[in-house]
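# Close look at the chain arrangement
The chain contents come next:
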Amino acid sequence: MADIGATVETYWATAQARDWRAFGATLADDVRYELPQTRERVLGRDGVVRFNAEHVGEWSLEVERVITDGDQAVSWVSFSVDEEETQAISFFTASADGRIQTITDFWPASYEPPPEREHLVERF
């Protein structure tokens, strides 16, 4: 089996490069992409490629970390679109041939912490 960590790194690198052919090559034919926060699901390689290729705005991403365990991986990416920055955590599983079988993306919204915690934390 191929290294899922290397496949995930390639997934993000080809997305950043807008190389949609190479991006699609990282995906299993019947890949399932889910976004729990918005309750969206995209099924199949063509759908996932199109979903990403048609993302609006001038965006850029940087991989902060990829961690693997057998046929699973998790990535943390920094993502900016039109000068707004956010972070994302994505969970991946590999198909038998090492391509990406499932993706579950979490794109948290930033918010200000409650004032009653100010004495407990350091802001960065």
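About the cut-offs
Residues numbered from 1 in each chain as written. Predicted model: local features only at pLDDT ≥ 70, side-chain atom pairs only at ≥ 80, totals over all residues. Heavy atoms only, no water. Helix = DSSP H or I, 4+ residues; strand = E, 2+ residues; numbered from the N terminus. Buried < 20%, exposed > 50% of the residue type's maximum accessible area, 1.4 Å probe, protein only. Pairing = 2+ DSSP bridges. Axes fitted to C-alpha atoms, helices over the stretch in contact; angles between N-to-C directions. Contact = heavy atoms within 4.5 Å. Arc of directions from axis to C-beta.

If you check an unreviewed UniProt entry, the protein appears there as SnoaL-like domain-containing protein from Streptomyces antioxidans.

Attention now goes to unusual backbone geometry. Phi at Arg39 takes a positive value of approximately 60 degrees, unusual for a residue other than glycine. Mapped onto the elements of the fold, Arg39 is located in the loop between strand E1 (27-35) and strand E2 (40-43). On the accessibility criterion, Arg39 (73% relative accessible area) is exposed.

In a beta sheet, neighbouring strands pair by backbone hydrogen bonds and run either parallel or antiparallel. In spatial order, the strands read E2-E1-E6-E5-E4-E3; together these six strands make up an open sheet with mixed pairing. Looking at which strands have only one partner, the edges of the open sheet turn out to be E2 and strand E3 (59-69). Each adjacent strand pair in this sheet contributes to an overall mean axis angle of 20 degrees, direction not counted. Inspection of the sheet shows E3 paired to strand E4 (residues 72-81) by 10 bridges, in the antiparallel sense. If you follow Val66 over to E4, its bridge partner there is Ser75. Contacting E1, E3, E4, strand E5 (84-94) and strand E6 (100-106), helix H1 (residues 4-16) crosses the sheet at an angle of about 175 degrees to E3. Strands in contact with helix H3 (residues 45-53) are E1, E2 and E3; relative to E1, the strand with the most contacts, it is inclined by about 50 degrees.

Along H3, the residues classified as buried are Val48, Val49 and Asn52. Burial along H3 is one-sided: seen end-on, the buried residues are contained in an arc of 100 degrees. When the buried face of H3 is taken as reference, the exposed residues oriented beyond 90 degrees from it are Asp46 and Arg50.

Relative to E2, E1 is paired through four bridges, and the arrangement is antiparallel. Considered in E2, the bridge of Tyr33 is made with Val42. Two successive antiparallel strands, E1 and E2, enclose a turn made up of four residues, where Arg39 displays a positive phi of approximately 60 degrees.

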